[in-house]
Amino acid sequence: MFIPSKIYYEKNIIHYELGKKLIEQYKALNVPFEEIESHNRIESLQKNPNSEFVNMKNLLIIGTRKTHKYVPNYKVSDFLVPYTSSGCSAMCLYCYLVCNYNKCSYMRLFVNREQMMDKLLRTAFKAETDLTFEIGSNSDLVLENTITGNLPWTIEVFAHSKKGYITFPTKFDMVDDLLNLDHKGKTIVRVSVNPSDIIKSIELKTSPLERRILAINKLKDAGYPVGILIAPVIMVDNWKALYAELIEQLYDNLSDKVKADVIFEVIFMTYSYVHNAINQEAFPKEKYPNMPMLYDNQIMTGRGRGKYMYRQNLRDEGEEFLRDLLKQYFPNNTVLYVV
């Protein structure tokens, strides 16, 4: 379980069962607390320099979610749903949550889960067709679950809905308490993978590749629909060799059950000025000499305000390379999209 260096909390969390549980849980561990007005406005943290990013990742914020707006999505779900957490205690150097929250991309927990679930169930019930709701776009729910225990509750409550599916991605392998649940096939778990070298150097504080693959097999054995995200594809110097090895490892180590119907998603990395500034100041070369530089103006170009993507000719070449590899090793499986 994540043991934060300090907890900032909204005082109204004591009116929720999960809020009371978290306070008792962390007070027993002598974690210091500081009361705040709003999880969105912690002035002392917002004023911190970028060099404090690593230390801020050791904080935990507990409050209630006030915004419950669903955003249409056209990839693997019908809607992106704000759910029980945002941010993360891991430190992937490209994380899009850093774009949204800047250096305040620490983990925030929202204890009004019943309110969020009620809207989810009502929306699913009113729909004319089965909808799929992405509940993990703002955080990693498997990581969050090690603190809150929210996932078993979420999966079993939604299993009794008359319509719809929920889905979430993860970079973590701590799935054992999900394996014996009565999920009724209504929860789709998608595990994100990358070459081991990239996980170790760029996806800091996440689960190793081997354990992620084992988690995929466990989930499939437990009857969950599973998917695999190859994401994000990062064009480091020897990227083709690394991703060829990754796909071969998947072929060699995924169970036959998984390989029978797993669906792939492929996402190329986007980067930003915000990432670049924070990473350079939080991981200075003199202290972290082996920290990779993800921005490369030789192969990247601007995309929107302050964002960078791989140049189109390289991106197209990369897509063709990965589609060919997946067709070679997984000829009967669907690549849902490449973006």
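All chains use their own residue numbering, which begins from 1 and follows the written sequence. It should be noted that, the model being predicted, local features are given only for residues of pLDDT at least 70 and side-chain atom pairs only at 80 or more, the latter also being counted only at that level, while totals for whole chains, interfaces and linings use all residues. Hydrogens and water are ignored here; the side-chain numbers use all heavy atoms of the structure.

Things to note about the environment of Asp316
In DSSP terms, a helix is any run of H or I states spanning at least four residues, a strand is any run of E spanning at least two, and both are numbered starting from the N terminus. With respect to the element layout, Asp316 can be found in helix α13 (residues 312-329). Residue Asp316 is classed as partly exposed on the basis of its relative accessible area, which comes to 40%. For the pair Asp316 and Phe268, spaced 48 residues apart in the sequence, the C-alpha separation amounts to 11 Å. Relative accessibility under 20% of the residue-type maximum defines a buried residue, over 50% an exposed one, and the middle range a partly exposed one, all with a 1.4 Å probe and only protein chains included.

Observations concerning the environment of Gln312
Here Gln312 is to be found in helix α13. The partly exposed category is assigned to Gln312, whose relative accessible area is 46%. Considering only alpha carbons, one finds Gln312 and Tyr74, 238 residues apart in sequence, at a separation of 22 Å.

What about a negative patch on the surface?
Each patch groups residues whose relative accessible area exceeds 30% and which form no salt bridge, using 9 Å between like charges and 5 Å between nonpolar side chains of Val, Leu, Ile, Met, Phe, Trp and Tyr. Using the Shrake-Rupley algorithm and a 1.4 Å probe, accessible areas are obtained, with residue cover drawn only from the displayed protein chains. Salt bridges are defined by distance alone: a side-chain nitrogen of Lys or Arg within 4 Å of a carboxyl oxygen of Asp or Glu. A residue counts as positive if it is Lys or Arg and as negative if it is Asp or Glu; His and the chain ends are not included. To locate a charge, the coordinates of NZ of Lys, CZ of Arg, CG of Asp or CD of Glu are taken. Together, Asp197, Glu245, Glu248 and Asp252 line one region of the surface with negative charge. For the negative patch, the element with the most residues is helix α10 (residues 239-253), which contributes 3 residues. Among the secondary structure elements, Glu245 is positioned in helix α10. Accessibility expressed as a relative area gives 47% for Glu245, which makes it partly exposed.

Digging into the sheet that holds strand β8 (residues 107-110)
Each strand in a sheet pairs with its neighbour through backbone hydrogen bonds, running either in the same direction (parallel) or in the opposite one (antiparallel). The 5 strands lie next to each other as β2-β1-β3-β8-β6, forming an open sheet whose pairing is mixed. Each edge of the sheet is formed by a strand with only one pairing partner; in this case those strands are β2 (33-36) and β6 (85-86). Whether two strands pair comes down to DSSP finding at least two bridges between them. Note: β6 against β8, 2 bridges, orientation antiparallel. Paired with Ser86 across the two strands is Arg108, which belongs to β8. Note on contacts: a residue pair is in contact if any heavy atoms of the two residues lie within 4.5 Å. To obtain an axis, a line is fitted to C-alpha atoms, over the contacting stretch when the element is a helix, and the angle between two such axes runs from 0 to 180 degrees between their N-to-C directions. The sheet contacts of helix α1 (residues 17-27) involve β1 (6-10), β2, β3 (59-63) and β8, and relative to β2 the element is tilted by about 150 degrees.

Brief notes about the sheet that holds strand β11 (residues 187-193)
Reading across from one edge, β4-β5-β9-β10-β11-β13-β14-β18 is the order of the 8 strands in this open sheet, with mixed pairing throughout. If you trace the sheet from one side to the other, it starts and ends with β4 (71-72) and β18 (335-338), each paired once. Taken together, the 3 bridges between strand β9 (residues 132-134) and strand β10 (residues 165-170) define a ladder with parallel strand orientation. Each bridged residue has a counterpart across the sheet, and for Thr132 the counterpart in β10 is Tyr165. Relative to strand β14 (residues 263-268), α13 is tilted by about 160 degrees, and along the sheet it contacts β13 (226-233), β14 and β18.

Considering the nonpolar core
Core analysis: the biggest nonpolar cluster contains 96 residues, and Leu120, Phe133, Ile135, Ile230, Ile234 and Tyr243 have the highest contact counts within it. In terms of residue count, the dominant contributor to this core is α10 (6 residues). Excluding residues within four positions of it along the chain, Ile135 makes contact with Val81, Tyr83, Leu120, Leu141, Thr154, Ile166, Thr167 and Phe168. Here, nonpolar core refers to any group of buried Ala, Val, Leu, Ile, Met, Phe, Trp, Tyr and Cys residues whose side-chain atoms link them within 4.5 Å. Formed by 9 residues, the second largest nonpolar core is a distinct cluster that contains Leu45, Met56, Leu59 and Ile61.

Examining the pairing of β3
Here is the key point about a regular strand: its side chains alternate between the two faces of the sheet. Burial runs high along β3: 5 of the 5 residues are buried. The two faces of β3 match: Leu59, Ile61 and Gly63 on one face and Leu60 and Ile62 on the other face are all buried. As paired strands, β3 and β8 are joined by 4 bridges and run parallel to one another. Residue pairing across strands places Leu60 opposite Met107, the latter belonging to β8.

Examining the packing of α10 against α13
In the contact formed by α10 and α13, the axes pass within 10 Å of each other and the chain directions differ by 25 degrees. Taken together, the axes of α10 and α13 are roughly parallel relative to one another. Considering only the axes of α10 and α13, their crossing is right-handed. Residues Trp239, Lys240, Tyr243, Ala244, Ile247, Glu248 and Tyr251 of α10 pack against Glu317, Gly318, Phe321, Leu322, Leu325, Leu326 and Tyr329 of α13. Residues were grouped as follows: Ala, Val, Leu, Ile, Met, Phe, Trp, Tyr, Cys and Pro as nonpolar; Asp, Glu, Lys and Arg as charged; and all remaining residues, including Gly, as polar. Class assignment for the residues of the contact of α10 with α13 results in 10 nonpolar, 1 polar and 3 charged. Relative orientations are named as follows: roughly parallel for angles under 35 degrees, roughly antiparallel for angles over 145 degrees, roughly perpendicular for angles from 65 to 115 degrees, and oblique for any other angle. Helix crossings are classified by the rotation of the near helix relative to the far one: an anticlockwise turn of less than a right angle makes the crossing left-handed, while a clockwise turn makes it right-handed.

What about a nonpolar patch on the surface?
Residues Met1, Ile3 and Leu29 make up a contiguous nonpolar surface patch of roughly 280 Å² in combined accessible area. Along the polypeptide, Ile3 turns up in the segment before β1.

A short note on the pattern of salt bridges
Following the criterion strictly, the structure yields 17 salt bridges and no others. Residue Arg211 is joined to Asp173 by a salt bridge in which the shortest nitrogen-to-oxygen separation is 3.1 Å. Here Asp173 lies in the loop between β10 and β11 and Arg211 lies in helix α9 (residues 209-221), a separation of 38 residues in the sequence. Here Arg211 falls in the partly exposed class, since its relative accessible area comes to 43%. Between Glu319 and Arg323 there is a salt bridge; the shortest N-O distance is 2.9 Å. Here Glu319 and its partner Arg323 are both found in helix α13, 4 residues apart, which amounts to about one turn of the helix. Of the residues examined, Arg323 reaches a relative accessible area of 35% and is grouped as partly exposed. Connected through shared salt-bridge partners, Glu134, Arg190 and Glu265 make up one network.

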